[in-house]
Amino acid sequence: MVLAFVLLALPATAQRLTQSINSNWLFRKDEAGLSVAQASAVVAGWEKISLPHTWNAADVLDDEPGYYRGVGWYKKTLAVPADWQQRRVFLQFEGANQEAEVYVNGQLAGRHAGGYTAFRFPISQWLKFSGSEPAPAEILVKLTNRYNPDIPPLTADFTFYGGIYRDVVLVAAESVHFDLDNHASAGVFVSTPAVSAEAADVLVAGALNNEFATARKVTVLSQLLDRDGRAVARQQTSLTLQPGAKTSFRQLLPKLARPHLWTPDDPYQYRVVTSVLDGKKGAPLDEVSNPVGVRWFRFDANEGFFLNGKPLKLIGTNRHQDFPGLGNALPDALAERDLLLLKQMGSNFLRVSHYPQDPAVLAACDRLGLLASVEIPVVNAITDSPAFFQNCLTMQMEMIRQGFNHPSVVIWAYMNEVLLRLPAGLKRDNDAGRAYLRRVTALARQLDSLSRREDPARATMLVCHGDFGLYQQAGLLSVPQVLGWNLYSGWYSGDFSGFPAFLDRHHKELPTQPLLVTEYGADSDERLHAFQPRRFDKTTEYANRYHEFYLRAILERPFVAGSTVWNLAEFNSETRQEAVPHINNKSLLTGDRRPKDAYLFYQAHLLKTPFLRIGSRAWTLRAGLAAGPDSLFCRQPVDVYTNQPAVRLLLNGRDLGTRPAQFGVAHFSVPFGNGLNQLRAQAAGQPIEDLADIEFQLIPTNLASAQLPFTELNVSLGDERIFTDAKLHQVWLPEQEYRPGGWGYVGGHPYKMAGDRLPYGSDRNILGTDYDAVYETQRLGLSQFRLDVPAGNYEVTLHFAELEAAPAGEQLAYNLAGSSAATATAAPQNRAFAVLVNGLAVLPNPSTATTLMPLQAVSYKVPVSVRSGQGIIVDFKAQTGEAFLNGIQVKKLF
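Residues numbered from 1 in each chain as written. Predicted model: local features only at pLDDT ≥ 70, side-chain atom pairs only at ≥ 80, totals over all residues. Heavy atoms only, no water.

## Points about the sheet that holds strand β22 (residues 297–300)
Item 1. Across the sheet, three strands lie side by side as β22-β23-β24; this open sheet has antiparallel pairing. Looking at which strands have only one partner, the edges of the open sheet turn out to be β22 and β24 (310–311).
Item 2. For strand β23 (residues 304–307) and β24, the ladder comprises two bridges, and the chain directions are antiparallel. The residue bridging L307 from the neighbouring strand is K310, located in β24. (Pairing = 2+ DSSP bridges. Helix = DSSP H or I, 4+ residues; strand = E, 2+ residues; numbered from the N terminus.)

Below, the structure is given as structure tokens:
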């Protein structure tokens, strides 16, 4: 099977053609170890695909641990126009993870190590032209995302997707052209070495390649154009290019008087168009255009960040290149949408983490007015080898040269939490551990020095986790110009108070070192809610409290230059388990980019236009117990986010009063009735309002109530949270103890994993279900579950998952508390019990030897006919070990 793609011939007026070749590729996995010749010749087994593409979009989400980390082949056949014979042709990959070999017509064009920076290879010598016919060119790419100890990242809390997941571009240039063999950079570098409100210097530097066999006289012309295309400065230089040589040039343009400065509120961009002209005929040979944002900035250890001489608190988020169903193979439009959502939040800053991302990301930052920090993926640990060090240095150089011309970039960073987990056998206080720390610091110094040489105008940054003493011992705290701290007090360990205490310690002990809070956040599963939230319960409400506390502490301290929330949107991390397996949901947006409450909270603080939104946008299906036996309402909290002083709230047209906004939030207690409830929030003194329709399922306190008849009940045992299942239109309530006339458990205790990390339940992936949150909690040792329902026919569903007998899980580096399922799971044990419903043994012997497999969801549905006054009594008769129940659902049929 051969797919040919006919390239466009160069127009007569163009000197360089750049075009994507994303369509009509073939792909196959290679678990057999094919050679290049075999991969080229084999016909069967190829899949038709288009780029961007990853082979891990699906397997990172299944219940089987791990995902394919091996070899994949890509193949494409081009028809290269005959009039390209005298031109120089290059093949450019914007991103392919992570070790690439590129072949053209069976010949090796080049290799590249690292999955997050672009690379470009010359391929003219492998093209076979014949007269006026197009030249066929088979492009064959061998790619692997295997673990390689010499290539960062080694480990990380994100997925190492394999594939050609960004654009592939073909470039055809004249034999005299700007340098196309410079780490896939533009070949022309534009800087503004001196800037003030009165004047700015613009410096253009680069190199030219002359691939002719004779010397050539040329003129380099650079023009600075304003937004309307008017030339506001120009400079030209005459050069003689030696045959087969590279010649550098440097042009300082005339001073730009009273420049239009680039700011987040007004991201004005000039353009520098640099052309090379034939010295005799003046004909254009090559041309490149680069953005210019005229601005200056500095970091101050006491007063934070300054842009154009004015203080500016940097507030934003981190971002991963990830989208549900696509993995990391995102089209540019989705990357650009992320940046627009960040801007619409009111942000002015993006930490591009933990690796350079698609060129569209920084281009969008330039246009939208988002300052940026970019880093290479030296995450968690290093390998002390010459190859690892060299790959890090090469990545850093590629990142800087490829991103140099973006005015949004203010920081080049190079390590993230590099001491999070010391390699096996090493400790901070043994000789081997101390030697390792010295090598980490040696690499940091090399990367920092390289960054300052490559781009002295931007700051360098190293990002640490919250072990101040360890980084201080290693000598890392004095290496960069700016320190980043990833701080999670009140999440992985401790309480909220540890966060401001840490910031103040930094300022006291490192009074000359500027700092950014580069990560903070709490897991937030939009399906989970609690009115008394607790650390690590994954509820929206706990995450809301977390962000409110952290932002206040950040804003109160002028020495904190800024902060970036972890993360903009939910993203895949295949090794994670927990309530949503394989997903890190510390984020302000869901995976499909719907706003969580915390996103609205930041909008209330950052937007400069009037803002008001009712919180919990996704929680439109609620349930709760009636306030009393004769009551027809249930009070639940509702928050309204606003930058206005006060908010008025109406429920179905009834005024619930006006509340002052406290740190961007107005709090209400709303008496929801059964059925549809419409909320209308209005800002005091402003013509803005917001509406929300809430469907409420009111559960009677007295299950035999004639005024509020019982219909159904879903209960999550061992749980303190409400779980909303929008797909099945069901709400699971937290457990309660039985009270006559109502419902609840009798006896027992909630399951709690050992250690102090979780308040209750487990953090393990439960197999065979999408409802891990329900199956991760249970009540052990209960004797009954009772419901005093009236006479009728019912359906009872019992849910089980064996948690105590689960095998140990993987110790994950991101678990900063140091107590996870890997170390806190009890030894496997035997268990057997019987379950009776109204005296009938519906489950005579569920046991770990039969149906209760560790971490496996299992449910049983049984019909029950209830006589008057009988109710439903589920008895648990322990035989070996303790009986347990994870969830129960009761529905009245008739």
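## Concerning helix α7 (residues 498–509)
Item 1. The end-to-end C-alpha distance of α7, which contains 12 residues, comes to 16 Å, matching closely the 16 Å that a straight helix rising 1.5 Å per residue would cover.
Item 2. Taken together, the buried positions of α7 are occupied by F499, P500, F502, L503 and H506. Down the axis of α7, the smallest arc covering the buried residues is 160°, so these residues share one side. (Expected span 1.5 Å × (residues − 1). Buried < 20%, exposed > 50% of the residue type's maximum accessible area, 1.4 Å probe, protein only. Arc of directions from axis to C-beta.)

## Regarding the side chain of N97
Item 1. Inspection of the secondary structure puts N97 in the loop between β6 (88–93) and β7 (99–104).
Item 2. Of the residues examined, N97 reaches a relative accessible area of 3% and is grouped as buried.
Item 3. At a separation of 2.6 Å, a polar atom in the side chain of N97 contacts the main-chain carbonyl oxygen of Y161.
Item 4. When residues no more than four places from it in sequence are discounted, the contact partners of N97 are G115, Y116, L143, T144, N145, F160, Y161, G162, G163 and Y165. (Polar contact = N/O pair within 3.5 Å; in protein donor to acceptor, adjacent residues only side chain to side chain. Contact = heavy atoms within 4.5 Å.)

## Quick notes on the nonpolar core
Item 1. By size, the foremost hydrophobic cluster in this structure holds 156 residues, and its most contacted members are F800 and I872.
Item 2. Membership of the second largest hydrophobic core comes to 33 residues, among which are F27, A135, I139 and A172. (Core = buried A, V, L, I, M, F, W, Y, C linked by side-chain atoms within 4.5 Å.)

## Description of unusual backbone geometry
Note on backbone geometry: most residues besides glycine have negative phi, and most peptide bonds are trans.
Item 1. Here the residue pair L51 and P52 is connected by a cis peptide bond, since its omega of 0° sits within 30 degrees of zero.
Item 2. Here P52 shows up in the loop between β4 (47–49) and β5 (71–80).
Item 3. In the segment running from N97 into Q98, the intervening peptide bond is cis, with an omega of -5°.
Item 4. Here Q98 shows up in the loop between β6 and β7.

## What about the environment of P259?
Item 1. Residue placement: P259 occurs in the loop between β19 (256–257) and β20 (270–278).
Item 2. Spatially, the C-alpha atoms of P259 and A333 are 31 Å apart, while their sequence positions differ by 74 residues.

## Re the packing of aromatic side chains
The description of an aromatic ring pair rests on the distance of the ring centres and on the angle between the ring planes.
Item 1. Summed over all chains, the structure comprises 42 aromatic pairs.
Item 2. Where W485 meets F502, the ring centres are 4.7 Å apart and the plane angle is 70°; that geometry is what we call edge-to-face. With W485 in strand β30 (residues 482–486) and F502 in helix α7, this pair connects stretches of sequence that are 17 residues apart. F502 shares its class with W485; the two are buried.
Item 3. Centre to centre, the rings of F800 and F833 are 6.0 Å apart; their planes meet at 45°, and the pair counts as tilted. Of the two residues, F800 is situated in strand β51 (residues 792–800) and F833 in strand β52 (residues 832–837); the sequence distance between them amounts to 33 residues.
Item 4. Taking the relative accessible area as the measure of exposure, F800 reaches 0% and is therefore buried.
Item 5. By the ring-pair criterion, three or more aromatic residues cluster together here, those being Y488, W491, Y492, F496, F499, Y520, F536, Y542, Y546, F549 and Y550.
Item 6. Taking the ring centre of W46 as reference, the NZ or CZ of R28 above it sits at 5.8 Å.
Item 7. When the ring centre of F404 is taken as reference, the NZ or CZ atom of R458 above it lies at 5.6 Å. (Phe/Tyr/Trp six-rings, centres within 6.5 Å; stacked < 30°, edge-to-face > 60°. Lys NZ or Arg CZ within 6 Å of the ring centre and 35° of its normal.)

## Some words on the packing of helix α8 (residues 540–555) against helix α9 (residues 597–606)
Item 1. At a minimum axis distance of 9 Å, the contact between α8 and α9 shows a crossing angle of 30°. As the angle between them shows, α8 and α9 are arranged roughly parallel. At the point where α8 passes α9, the crossing takes the right-handed sense. Each of T540, N544, H547, E548 and L551 in α8 lies in contact with α9, whose residues at this interface are D597, A598, F601, Y602 and H605.
Item 2. Taken together, the residues of the contact of α8 with α9 break down into four nonpolar, four polar and two charged. (Axes fitted to C-alpha atoms, helices over the stretch in contact; angles between N-to-C directions. Parallel < 35°, antiparallel > 145°, perpendicular 65-115°, else oblique. Left-handed = near helix turned anticlockwise from the far one by under 90°. Nonpolar A, V, L, I, M, F, W, Y, C, P; charged D, E, K, R; others polar.)

## Observations concerning the sheet that holds strand β42 (residues 675–683)
Item 1. Ordered in space as β37-β43-β42-β39-β40, the five strands form an open sheet in which the pairing is mixed. Of all the strands in the sheet, just β37 (621–625) and β40 (654–660) have a single pairing partner and so form its edges. Neighbouring strand axes in the sheet, compared pairwise and without regard to direction, differ in orientation by 30° on average.
Item 2. Bridge count for β42 against strand β43 (residues 689–699) is eight bridges, and the pairing is antiparallel. In the strand pairing of β43, L679 is matched with A692.

## Here's the deal with the environment of R453
Item 1. Following the sequence through the fold, R453 ends up in helix α5 (residues 431–454).
Item 2. Sequence separation between R453 and L51 is 402 residues; the distance between their C-alpha atoms is 36 Å.

## Let's talk about the pairing of strand β50 (residues 784–787)
Item 1. Note that strand β47 (residues 743–746) and β50 share four bridges and pair antiparallel. Bridge assignment links G744 to a residue of β50, and that residue is R786.
Item 2. Looking at chain direction, β50 and strand β55 (residues 872–880) are connected through four bridges and run antiparallel. Of the residues in β55, the one forming a bridge with Q784 is D875.

## Here we look at the pattern of salt bridges
Side-chain pairing between opposite charges can occur once the charged atoms of the two side chains come close.
Item 1. The tally for this structure, following the rule as stated, stands at 47 salt bridges.
Item 2. For K538, the salt bridge goes to E578, with nearest N and O atoms at 2.8 Å. Of this pair, K538 sits in the loop between β32 (528–529) and α8 while E578 sits in the loop between β34 (571–572) and β35 (583–584), and the two are 40 residues apart along the sequence. Of the two residues examined, K538 and E578, each falls in the buried class.
Item 3. Notably, a salt bridge pairs R757 with E578, separated by 3.5 Å at the nearest N-O pair. One end of the pair, R757, is in the loop between β48 (749–750) and α10 (772–775); the other, E578, is in the loop between β34 and β35, and 179 residues separate them in sequence. Here R757 and E578 have matching classes, each one buried.
Item 4. The network of salt bridges with common partners includes D157, D523, K538, R576, E578, K586, R757 and D763. (Salt bridge = Lys/Arg side-chain N within 4 Å of Asp/Glu carboxyl O.)

## Things to note about the packing of helix α4 (residues 386–403) against α5
Item 1. Following both chains from N to C, one finds α4 and α5 inclined at 25°, their axes separated by 10 Å at the closest point. On the basis of their axis angle, the class for α4 and α5 is roughly parallel. Of the two possible hands of crossing, α4 and α5 adopt the one that is right-handed. Contacts from F388, F389, C392, L393, Q396, M397, I400 and R401 in α4 reach R439, L443, Q446, L447, L450, S451 and E454 in α5.
Item 2. Residues that form the contact of α4 with α5 fall into these classes: nine nonpolar, three polar and three charged.

## Things to note about the side chain of E101
Item 1. Locating E101 in the fold gives a position in strand β7.
Item 2. Sequence-distant contacts of E101, defined by excluding residues within four places in its chain, comprise L108, G110, R111, L140, V141 and K142.

## Section: α5
Item 1. For α5, spanning 24 residues, the distance from its first C-alpha to its last is 35 Å, which sits close to the expected 34 Å at 1.5 Å a residue.
Item 2. If you check which residues of α5 are buried, you get G433, Y436, L437, V440, T441, L443, A444, L447, D448, L450 and S451.

## Things to note about the environment of E720
Item 1. Along the polypeptide, E720 turns up in the loop between β44 (712–716) and β45 (722–725).
Item 2. For the pair E720 and T777, spaced 57 residues apart in sequence, the C-alpha separation works out to 9.5 Å.
Item 3. Sequence-distant contacts of E720, defined by excluding residues within four places in its chain, comprise A530, R534, P734 and Y760.

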